[in-house]
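Spelled out from the first residue to the last, the chains are:
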Amino acid sequence: MLGKVFGVFVICWAFALSFASEAQAELIYTPWVLTGDPAPGTEPGVEFGYLSSRIRFNAQGQITIHAGLRGPGISGLNFGGFWLGQDGRLELVARDGNNAPGTGLVFGVNRSIHMNDSGQVLFTNDLRGVDDLYDNSVWLKDGDVLEMIAREGDRPLGLPGDVVLGYISGTVLTESGRIVLFSTLRGEGYDSDSVAMLTVNDSGLVPIYHVGGPASGVSAGAVFTEPNGFAVTETGPFYVSSQIEGDNVDATNAWGIWAYGDSGWTLYQRAGDPAPGTQAGVVFGSVISSGAFTDLSSNSSGQIVFSNRLKGYGVDETNDFGVWAGDPDNPRLLSRTGQPAPGT
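Just so we're clear, the structure is a prediction, and the values are computed from it rather than from any experiment.

Looking now at empty space enclosed by the protein. Applying the stated criterion across every chain yields a total of one cavity of 30 Å³ or more. Of the pockets and cavities examined, the largest cavity occupies roughly 30 Å³. Taken together, Gly80, Gly81, Phe82, Ala94, Arg95, Asp96, Gly108, Asn110 and Asn125 form the lining of the largest cavity. Contributions of two or more residues to the lining of the largest cavity are made by strand 6 (80-86), strand 7 (89-95) and strand 9 (105-115). Here the lining of the largest cavity gets three residues from one element, more than from any other, and that element is strand 6. Residue composition of the lining of the largest cavity, grouped by class: two nonpolar, five polar and two charged.

Structure below.
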């Protein structure tokens, strides 16, 4: 019972920091919403029934709250929604059963919510009243404008005419307003495993990475076959770790890390290459179950971090795993199994 009460408390209250003195800080809690409160934008008598953990809070003090409803007329068709809070008031953004602007359909289940410090809100929502091959959609709320920016069945730029977006499994909204989607592709030559990373701009949906796309920096004709991680920077390159296939590609060198920028793809690290910070004869390896170059991430400066297995001279199960970070063309070994643990 205590855990349940504590969970509701954390979700329901936002806080500000008020400095009583240089040496002492006082936390002042400001209520945004409690279960049982009237739900803004809904019918009389409808109130918040539960508050989910899908909450976002930005540097401006804006908050998004995803909640379930209770009261007159509430059913499984209009039960959930989410609200944007600012200056002490809540605005309903989207609710199950409400009209989805510009579609002639209604909102179904909300899948994800992102908000940046500029107050832009990116969310993924199902649509009702349409075949499930076209019901997944992505929306952007920017100020007073709410618009759908992508939907299952949309055609990405630069791909064959019958290729369309499949299920949109993930989204990214950066502080600079960059929007990235992760989706499957449908069409001739593509199946349910055909993963793609796309960005959204004024021209439409622009594919960055997709299974079957050309992989540069290796043998001619090599293509991407299976991604193992993505990293999105604010304004710089997109990074991906991926498996490839093609001429002169085998189990020892079939994985790598690439960056996509203005000049296209650049290969930075590859299985079979010498692993920085290790002795001569030690190379990046791969594992059948998990591939290679896992846990890929990047910072705002375009530096990356990743982990990987090692193979080669003097490598055994006690020292075959490491973590690297730094510039993508020259990462530094941060830690390796078998090394002394600092501070211990």
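Having seen it, we continue.
We now examine the sheet that holds strand 20 (residues 264-270). Read across the open sheet, the four strands follow the order 17-18-19-20; overall the sheet is antiparallel. Since the sheet does not close on itself, it has two edges, and those belong to strand 17 (223-232) and strand 20, each with one partner. Taken pair by pair, the neighbouring strands of this sheet meet at an average axis angle of 30 degrees, ignoring direction. With eight bridges connecting them, strand 17 and strand 18 (residues 238-245) associate as antiparallel partners. Residue Glu226 lies in a different strand from strand 18, and its bridge partner there is Gln243.

Here we take up unusual backbone geometry. In this model, Asp87 sits at a positive phi of 55 degrees, which is unusual for a non-glycine residue. Along the chain, Asp87 turns up in the loop between strand 6 and strand 7. Even without being glycine, Asp295 reaches a positive phi, approximately 60 degrees. Residue placement: Asp295 occurs in strand 22 (residues 294-298).

With respect to the helices and strands, Asp154 occurs in the loop between strand 12 (145-151) and strand 13 (164-173). Given a relative accessible area of 27%, Asp154 falls into the partly exposed group. Sequence separation between Asp154 and Ala94 is 60 residues; the distance between their C-alpha atoms is 22 Å. Setting aside residues up to four positions removed in sequence, Asp154 forms contacts with Val164, Leu165 and Leu205. A polar side-chain atom of Asp154 sits 2.8 Å from the main-chain amide nitrogen of Arg151.

Calculation rules
Residues numbered from 1 in each chain as written. Predicted model: local features only at pLDDT ≥ 70, side-chain atom pairs only at ≥ 80, totals over all residues. Heavy atoms only, no water. 1 Å grid on protein atoms, 1.4 Å probe; cavity = no way out; pocket = protein on both sides within 12 Å on 5 of 7 lines; lining within 4 Å. Points joined across faces, edges and corners; volume = space filled by probe spheres on them. Helix = DSSP H or I, 4+ residues; strand = E, 2+ residues; numbered from the N terminus. Nonpolar A, V, L, I, M, F, W, Y, C, P; charged D, E, K, R; others polar. Pairing = 2+ DSSP bridges. Axes fitted to C-alpha atoms, helices over the stretch in contact; angles between N-to-C directions. Buried < 20%, exposed > 50% of the residue type's maximum accessible area, 1.4 Å probe, protein only. Contact = heavy atoms within 4.5 Å. Polar contact = N/O pair within 3.5 Å; in protein donor to acceptor, adjacent residues only side chain to side chain.

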